[in-house]
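Summary of structural features
Single-letter residue listing:
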Number of protein chains: 2
Amino acid sequence: MKSAIEAVYHIRCAAAEAEARALAVAVEQSVEMPVVAIEDERVLGEIVGEVRGVRELKPGLFEARIGLNVETTGHDAGQLINMLFGNASLLEDVVLADASFPAETLAAFGGPRHGLAALRARVGAQGRALTSSALKPQGMPAAKLVDLARRFAEGGVDYIKDDHGLADQTYSPFAERVARIGDALRKGGYPTRYMPSLTGHLDALKLQLRQAREAGIDCVMIAPMVSGPSNLQALAQQNPDIAILAHPALAGAARLAPPLLIGKLFRLFGAGAVVFPNYGGRFGYSRETCRALADAALDESTGLKPAAPVPAGGMTLARVPELLDFYGRDVILLIGGNLLAAREHLVEETRAFVTRVERYQHE
Amino acid sequence: MKSAIEAVYHIRCAAAEAEARALAVAVEQSVEMPVVAIEDERVLGEIVGEVRGVRELKPGLFEARIGLNVETTGHDAGQLINMLFGNASLLEDVVLADASFPAETLAAFGGPRHGLAALRARVGAQGRALTSSALKPQGMPAAKLVDLARRFAEGGVDYIKDDHGLADQTYSPFAERVARIGDALRKGGYPTRYMPSLTGHLDALKLQLRQAREAGIDCVMIAPMVSGPSNLQALAQQNPDIAILAHPALAGAARLAPPLLIGKLFRLFGAGAVVFPNYGGRFGYSRETCRALADAALDESTGLKPAAPVPAGGMTLARVPELLDFYGRDVILLIGGNLLAAREHLVEETRAFVTRVERYQHE
């Protein structure tokens, strides 16, 4: 196998079965048929997944490193995930723990066109953590969301994202919401950027992106596991001037390791910032998972632009110093509901959030 | 809440917490913010998820039935899954067990344009189970795949699907493979239908569908969780003459119940046949899961066309009678690798498979 992706699986099984299970996964994720029935020499030598190593992690848990032929992916994001974990996702005792990619794959996908550095530059921030909040709840008419956005901007937050429930709904059509919020931020002279959430099939995504662009917007959000990783890839490739934030909806926590899926793959496909559920919030990720995810998003060894980690999910103002201690300055902090709970004091609360983040670097 | 989707979640927690957890899921899957911070009366009354019932299934496991506003989905497949399980997929102790949809949703999506009855009619079969096999392994040039397809057709199989690893790869480009296989089947005068696997973003899917159509093909396969459920929805809506088979790659077995995702949702979005890992094969689905999945795909109470269940994943000729006993005649049996293992006797082995299925109805 010349140019290979190396996938790392964790397999729960008895020690006596580990080698055979690793081989079975290698076959499942490549030719998906009995190897004895394969006649083609090239397929046997180049396409069948190659078990490169099996080691025990702890009793009953084994790590298998498997080489997968790059050509099988056709450099398509969906097909890449398919080759990594398509059928193996149906095996309850197999976890896709990690993967590394050859230069050919990195070059073909290209990663973020606008990563952490560009996201800092867009809002005129230098060497500090960035701040963000979320427009919600869904169900409100555009006018109320515009008012919310204006107050967040007044409080000085760097980025405002749509809640991922906001889509193109009759009570708040995408085009109207985006035009009015873009307009309000521009007229107010705020440096704050708005990231609307794009949803639907690729034609819908493209239309929404065009509407956002017409409203002067240069950052958008997409949930790759909801909208399709290939659609993210297409949007990133076709819109090199747009920054993309990836949302983890439907990305699960189950058997596709979050640092790989959210930190590494979403970035590979073109996201310059990745939202994920932070430890100690409403979701169950551990500190170790969050650390590994942030490290993967920022890792410079691949040559791709670093993507900004965006820990979220029940964050509070009180946790800002702790979060900055943990993540450092290469982060976008996202506080949504906790700011909104301030209701009529939203502007002041937002300002307190922003000030706390900005000051932190000087301490 | 006027018109609502009812989602059923299974939540692992202590009895004392069950009501609060159900409410938390209802909030997470709708407004995703503290309810106390919501000022809008309409949002409070119409948009916030409505806990309709919580009951203990067994100690430590609770079922919560939650009403979700239909309008929040915008009748988009991705957004529908997002509203059902987007953020809850990140909660390790929550399973999306089932969902039921109001008439408005059923009408907007429409389900399969070509379900089981149409798939029978396409191959001139009456009231019997259908047969299918798979082209594999990936990595073979088009010429060898054409030869395989011809031999399957010679053996009389009803449907030949691409292995889901076959995509648009340099060693076997989609357009060439599809044109040549379509040509070979037509010239041979076989009633056998070929279902090529479509991959990539929506523009790629559309291009491939056009190429398939030009080759005289009227059935295709797509993996909705790889390609994006909204893309499946768009393909189904825009191509009412094409039958669609859904592949379960990346659909996992974890916390989104297979009968709901594969049997109900893939069908709702437009798939007329759904592949799933059968019990007793290479994957871990139980007999009960398979039964529930097939029942969901065939259920006539919704008014949608029934979709054909396609149990697969390591099936053998020897199991045909047992599978027909279990599923009855409303099924497409799929045997891939086990037929291919016959190598030079592939035609005879395929014929034996077909004969066994055809004869079964007369016993």
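Residues numbered from 1 in each chain as written. Chains lettered and ligands numbered in written order. Predicted model: local features only at pLDDT ≥ 70, side-chain atom pairs only at ≥ 80, totals over all residues. Heavy atoms only, no water.

The number of helices and strands found in chain A is 15 helices and 13 strands. Structurally, chain A occupies a C-alpha span of about 70 × 40 × 35 Å along its principal axes. Expressed as a percentage of the 363 residues in chain A, the buried residues total 64%. Taking the intrachain contacts of chain A between residues at least 6 apart in sequence as the baseline, contacts between residues at least 24 apart amount to 74%. In the form shown here, chain A has an accessible surface area of approximately 12,200 Å², with 51% of it arising from carbon and sulfur atoms. The averaged location of the 42 negative side-chain charges in chain A is 8 Å from the averaged location of its 38 positive side-chain charges. (Helix = DSSP H or I, 4+ residues; strand = E, 2+ residues; numbered from the N terminus. Buried < 20%, exposed > 50% of the residue type's maximum accessible area, 1.4 Å probe, protein only. Contact = heavy atoms within 4.5 Å. Areas by Shrake-Rupley, 256 points an atom, 1.4 Å probe, with all protein chains shown as cover. Lys, Arg positive; Asp, Glu negative; His and termini not counted. Charge placed at Lys NZ, Arg CZ, Asp CG, Glu CD.)

With that settled, the discussion passes to the packing of helix H6 (residues 142-154) of chain B against helix H7 (residues 174-188) of chain B. Residues and elements named next belong to chain B. Running from N to C, H6 and H7 point in directions that differ by 30 degrees, and their axes come no closer than 9 Å. Relative to H7, H6 is oriented roughly parallel. As for how H6 packs across H7, the hand of that crossing is right-handed. Contacts between H6 and H7 involve Ala142, Ala143, Leu145, Val146, Ala149, Arg150 and Ala153 from the former and Glu176, Arg177, Arg180, Ile181, Ala184 and Leu185 from the latter. (Axes fitted to C-alpha atoms, helices over the stretch in contact; angles between N-to-C directions. Parallel < 35°, antiparallel > 145°, perpendicular 65-115°, else oblique. Left-handed = near helix turned anticlockwise from the far one by under 90°.)

So, on to the sheet that holds strand S4 (residues 94-100) of chain A. Residue and element names in this part refer to chain A. One open sheet accounts for four strands, arranged S2-S3-S1-S4; its pairing is antiparallel. The open sheet is flanked by strand S2 (50-58) and S4, the only strands paired with a single partner. Within the sheet, the average angular offset between the axes of one strand and its neighbour, ignoring direction, is 25 degrees. In this structure, strand S1 (residues 4-12) lies alongside strand S3 (residues 61-69), joined through nine bridges in antiparallel fashion. Following the sheet pairing, Val8 is matched in S3 by Arg65. Contacts from helix H3 (residues 77-85) reach S1, S3 and S4 within the one sheet, and its direction differs from that of S1 by about 45 degrees. (Pairing = 2+ DSSP bridges.)

Once that is clear, we can look at the relation of the copies chain A and chain B. The two copies are related by a screw operation: chain A maps onto chain B through 180 degrees of rotation and 0.0 Å of translation along the axis, at an RMSD of 0.0 Å. The operation mapping one copy onto its partner corresponds to a two-fold rotation axis. If distances are taken from each C-alpha of chain A to the rotation axis, the shortest is found for Gly228 of chain A, at 2.0 Å. By residue overlap, the copies meet face to face through one surface: 100% of the interface positions of chain A are interface positions in chain B. (Least-squares fit on C-alpha atoms with pLDDT ≥ 70 in both.)

Quick look at the pairing of strand S10 (residues 243-246) of chain A now. All names here are of chain A. Neither face of S10 is open: one carries Ala243 and Leu245, the other Ile244 and Ala246, and all of them are buried. Both strand S9 (residues 219-222) and S10 contribute to a ladder of four bridges, which runs parallel. Looking at S10, one finds that Met221 is bridged to Leu245. In terms of strand pairing, S10 meets strand S11 (residues 273-277) through two bridges, oriented parallel. Counted as the bridge partner of Leu245 is Ala273 from S11.

Further remarks concern the sheet that holds strand S7 (residues 193-195) of chain B. All names here are of chain B. A sheet is described by the order of its strands in space; here four strands give the open sequence S7-S6-S5-S13, paired in parallel fashion. For this open sheet the edge positions go to S7 and strand S13 (332-334), each flanked by a neighbour on one side alone. Direction aside, neighbouring strands of the sheet carry axes that sit 30 degrees apart on average. Packing against the sheet, H7 makes contact with strand S5 (130-135), strand S6 (159-162) and S7, and its axis sits at approximately 165 degrees to S7.

This part is about the layout of surface pockets. Put simply, the largest pocket is a space of about 500 Å³. Within the residue set of the lining of the largest pocket, elements represented by two or more residues are helix H1 (18-28) of chain A together with strand S11 (273-277) and helix H14 (337-340) of chain B. By residue number, the principal contributor to the lining of the largest pocket is H1 of chain A, which donates five residues. By residue class, the composition of the lining of the largest pocket is 17 nonpolar, eight polar and six charged. Considering only enclosed or pocket space, the second largest pocket measures out at about 380 Å³ in volume. Every residue lining the second largest pocket is counted, 29 residues in all, and those nearest its centre are Lys136, Arg282, Gly313 and Gly314 of chain A together with Glu32 of chain B. Elements that contribute at least two residues to the lining of the second largest pocket include exactly S11 and helix H14 (337-340) of chain A together with helix H1 (18-28) of chain B. Residue composition of the lining of the second largest pocket, grouped by class: 16 nonpolar, eight polar and five charged. (1 Å grid on protein atoms, 1.4 Å probe; cavity = no way out; pocket = protein on both sides within 12 Å on 5 of 7 lines; lining within 4 Å. Points joined across faces, edges and corners; volume = space filled by probe spheres on them. Nonpolar A, V, L, I, M, F, W, Y, C, P; charged D, E, K, R; others polar.)

Another aspect to go through is the side chain of Ser30 of chain B. Mapped onto the fold, Ser30 of chain B is located in the loop between H1 and helix H2 (41-47). Of the residues examined, Ser30 of chain B reaches a relative accessible area of 3% and is grouped as buried. Side-chain polar atoms of Ser30 of chain B contact the backbone oxygen of Ala26 of chain B, separated by 2.6 Å. Non-local contacts of Ser30 of chain B, meaning those with residues more than four positions away in its chain, are made with Gln138 and Asp163 of chain A together with Ile47, Val48 and Gly49 of chain B. (Polar contact = N/O pair within 3.5 Å; in protein donor to acceptor, adjacent residues only side chain to side chain.)

Of the residues in chain A, 99% reach a pLDDT of 70 or more, and the chain-wide mean stands at 90. In the predicted complex, the global pTM is 0.89; the interface-specific ipTM is 0.85. (pLDDT = per-residue confidence, 0-100.)

Residue and element names in this part refer to chain A. Residue placement: Glu46 occurs in helix H2 (residues 41-47). In this structure Glu46 comes out as buried when scored by relative accessible area, which is 19%. Not counting residues within four places of it along the chain, the set of residues in contact with Glu46 comprises Met1, Lys2 and Asn69.

Here we come to the interface of chain A and chain B. Tallying the contact residues gives 79 residues for chain A and 79 residues for chain B. Roughly 6,200 Å² is buried in total at the junction of chain A and chain B, and carbon and sulfur atoms are behind 55% of that figure. Our enumeration of links across chain A and chain B arrives at eight salt bridges. For Lys206 of chain A, the salt bridge is made with Asp203 of chain B, and the minimal N-O distance between the two is 2.3 Å. Linking chain A with chain B are 33 residue pairs in polar contact (both at pLDDT 80 or more). Of all elements in the fold, only H2, H3, helix H8 (202-214), helix H9 (224-227), helix H10 (229-238) and H14 of chain A reach the threshold of two or more residues within the side of chain A that touches chain B. (Buried area = accessible area lost by both parts, 1.4 Å probe. Salt bridge = Lys/Arg side-chain N within 4 Å of Asp/Glu carboxyl O.)

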